[in-house]
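The primary structure of each chain is shown beneath.
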Amino acid sequence: MFIEKLISTGRPFLAYGMTPAETLHQVTDVSTDGRFLENVIVVELAPGEECLRWGVLPLMTWGDYEELESEVKKKSAKKKKTVFMPDTARGLALPYALASGGNPTVPQGRYGVAVYPAYPNSMAKLTAPGEVVKFLDKRLDKTLDLPVSLSERDLEAVAGRLSSLVEQVEAKAADKRNQGYALIALVFPETGGSYLYMDKAPPKGDRRHILVGESMLCPGQYIVADTARLEKCFWESKMAEGMEKGQREKCSICGKEEASVSPYCKAWNWLSYTWDAPLPENFRGDTPDLAGAVGALCRTCYSSLIMGAGIFNEISASLPYYLTKELFIPVASAGGRDAARKSRTRPPAVFGCALVLPFRGGMDAAESGEMLKEALDVFRSKNLRKGKNDLSIAAITGFEAVLPGDFNSDDYRLTIVYYQASQADVQLRAVIEDVLPSTVGTLTGYMPRVADEAAEIKKKIAVTESDFTADNYRSLIYILIRAYGGGYLWHTLRSVLNRRPVSRERFVRGTALRMNGYAGRPDDSSFWGLREEVAFYLAFRKFLNFYNTAILKEGYTVPDWRQMLDKIANTTPDQLIFNDVEELGFAAGYLTNRFGRWFYYKTGGSSEKKAEGKDFIKHRVMTFGSKLTPDMVWRKALSRFQEYAVKLDINLTDDFRRRAGVVESEYRRLRQQVERNRDEFIGAFWSGYMLASEAAKKGN
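What to know about the sheet that holds strand S9 (residues 222-226)
Strand order in the open sheet formed by three strands is S7-S9-S8, with antiparallel pairing between adjacent strands. Sheet topology places strand S7 (195-198) and strand S8 (209-214) at the edges, where each strand pairs with a single neighbour. Strand-to-strand twist across the sheet, computed as the mean angle between neighbouring axes with direction ignored, equals 35°. Judged from the four bridges that link them, S7 and S9 form a sheet pairing that is antiparallel. Across the sheet, Tyr 195 pairs through a bridge with Ala 225, a residue of S9. Sitting on the sheet, helix H7 (residues 227-244) touches S7, S8 and S9, and the angle it makes with S9 is about 50°.

Description of unusual backbone geometry
Most peptide bonds take the trans form, and the phi angle of most residues other than glycine is negative. With phi around 65°, Lys 176 is a residue other than glycine that occupies positive phi space. Non-glycine residue Arg 499 carries a positive phi angle of around 60°. Within the secondary structure, Arg 499 sits in the loop between helix H16 (486-497) and helix H17 (504-519).

Regarding the nonpolar core
Leu 476, Phe 543 and Trp 686 are the most contacted members of the largest nonpolar core, which has 179 residues in total. By size, the runner-up hydrophobic cluster in this structure holds 30 residues, among which are Leu 59, Met 123, Val 133 and Leu 165.

Looking at the sheet that holds strand S1 (residues 40-47)
The four strands are arranged S2-S1-S6-S5 in an open sheet whose pairing can be described as mixed. Looking at strand neighbours, the two that pair on one side only are strand S2 (52-56) and strand S5 (115-118), the edges of this open sheet. Averaged over all pairs of adjacent strands, the angle between strand axes in this sheet comes to 15°, irrespective of strand direction. For S1 and strand S6 (residues 182-187), the ladder comprises five bridges, and the chain directions are parallel. Across the sheet, residue Glu 44 finds its bridge partner in S6, namely Val 187. Strand contacts of helix H5 (residues 129-140): S5 and S6, with the helix running at about 130° to S5, the strand carrying the most contacts.

Some remarks on H16
The end-to-end C-alpha distance of H16, which contains twelve residues, comes to 17 Å, matching closely the 16 Å that a straight helix rising 1.5 Å per residue would cover. Looking at H16, one finds that the buried residues are Gly 486, Leu 489, Trp 490, Thr 492, Leu 493, Ser 495, Val 496 and Leu 497. Positive backbone phi, at 60°, marks Arg 499, one or two positions downstream of H16.

Digging into helix H6 (residues 152-174)
Under the 1.5 Å per step criterion, the end-to-end length of H6 is 31 Å for 23 residues, consistent within 8% with the ideal 33 Å. Those residues of H6 that sit buried are Asp 154, Leu 155, Val 158, Ala 159, Leu 162, Ser 163, Leu 165, Val 166 and Val 169. Considering only its buried residues, H6 is in contact with S1, S2, helix H4 (120-123), H5 and S6. Phi turns positive, to about 65°, at Lys 176, one or two residues after H6.

What counts as what
Residues numbered from 1 in each chain as written. Predicted model: local features only at pLDDT ≥ 70, side-chain atom pairs only at ≥ 80, totals over all residues. Heavy atoms only, no water. Pairing = 2+ DSSP bridges. Helix = DSSP H or I, 4+ residues; strand = E, 2+ residues; numbered from the N terminus. Axes fitted to C-alpha atoms, helices over the stretch in contact; angles between N-to-C directions. Contact = heavy atoms within 4.5 Å. Core = buried A, V, L, I, M, F, W, Y, C linked by side-chain atoms within 4.5 Å. Buried < 20%, exposed > 50% of the residue type's maximum accessible area, 1.4 Å probe, protein only. Expected span 1.5 Å × (residues − 1).

Encoded structure:
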């Protein structure tokens, strides 16, 4: 299924007629990893009358060096570092694709032309001519476009000269003037070939030809790459890689009757056969038949897969650190949450990618070629264009992504993929299909209001704290992790993006447990932890209200905390009535806080004398480290305010007595509902408890 998505993504880009250079830019690694262009070694070969003629071009650097400011400061001034900026446009003359798994220093897959990346640890060995012969011999056996054959004698002759150029690279690397990566190419200029001679060097921007260098064998001539031929050789090498793991006579995707190969490709690590658990028994082993186990692809579908995979890799982005860390934090434990947040263990990186596919049937894949090209530039840059209807969707997806304006309509569907990758080990976390751009747009517009709500609540609870920002709440991923935990994140995210109901009970349960965990702590940090949980609880309730009304157009909504605070603080006692467990819990928390202030001062608390009184909740309600329950609130708080007042000579106001009496009697009446919704009561209780001071400021 995922392979079909990649094919659907790549097919339009091939159909509208990309130039060969554009295709090579997209499906090779020249543009994404240009380090190898810092040291370009080219061997020119041509047939002679008796033996092979050869010449080695001088060591070349295809790119420039730029000085950039480093983040490291030295003596109050930022230190500058020199960075190599590759000329990727010229680099397409020597295209290469890097293996995504295994040992990159050994030959892997197939090579379209004799262009071989060399890593620094390999270069150290290549100073010996014998090692150069081994390096070339193993790779030439896997190269398809070889107009002439090279004998061992030819290789030995070339190796001596190559090793001297490698020594130059090693000397630069030793002096820290070079990274040590290199590209070793053997070119065979001939008419009609991938490389040819020209009297003049092609200008920059030529749509077909790219300069390699001046000829050593034909002075006055220039060696030029033909990108059309290179593109053909590249596709031949990819098809040969797929053929290694099986072939069939019919395409499994489009049904075309032609030679079809497995979707295997060394540059795409998503179909690694080294982990064979999901494959049938008869397709396992060192050389599995992936064409039979997974499916076979014709040339068009296979090319579309490689193109789609290249686009997928290029526009993928990692989730920020604060989200991946949150992903592995326990959802139901305050202590576990704090311990995980303090841990210095860095969680594994999680990547994401948003693919856009046409939904309306009958759309011509080639009709929107220029639009596709512009859209791909937006996907790459992840920047909004002026005057366009582009939409940044990072607040919803968690990773940086921009939906181009041309695709920002419900004629298209988003497929959002989350995964972890470490060389050939890829773990797919979620594939969320059929996401409407309108849904993403609606959610994106609302998320700042969730953050504003959390920031406002924090201000109401503690006006003395300077940091009232709640930027994390602007991320849908963040609030869903906080609400449901990493174990339920992907399931819940899929439900939200596909406009399906989400579980309110699971969110309330986890938040109530964390609130009780913080409230039971003896240290001062309990207040700040509890404040954070109350802010999250009420902000996420607001989000759920919005989701049920604006997205689902149905579903259960809950009263706003402002309404609940106004009701218990301002409604006359003879008109107070509660038909909702959360309203009752909020009122109980509000009254408990008001009584707790009197209790604090009557037990020795004084701001003038800087004396500490007793905390009513910890000394009379949650005794001996117990977890708060609705029954404890009723038995140890609501029903005993008058008793405590008499013992401590607290002069309760008549208004407070009447309100407490109404709430206590309402608890008795709704007791069965409270027992069925204990977590809702506790979550609302702590919310009312923490926000009671807001009503006190207004003189209620």
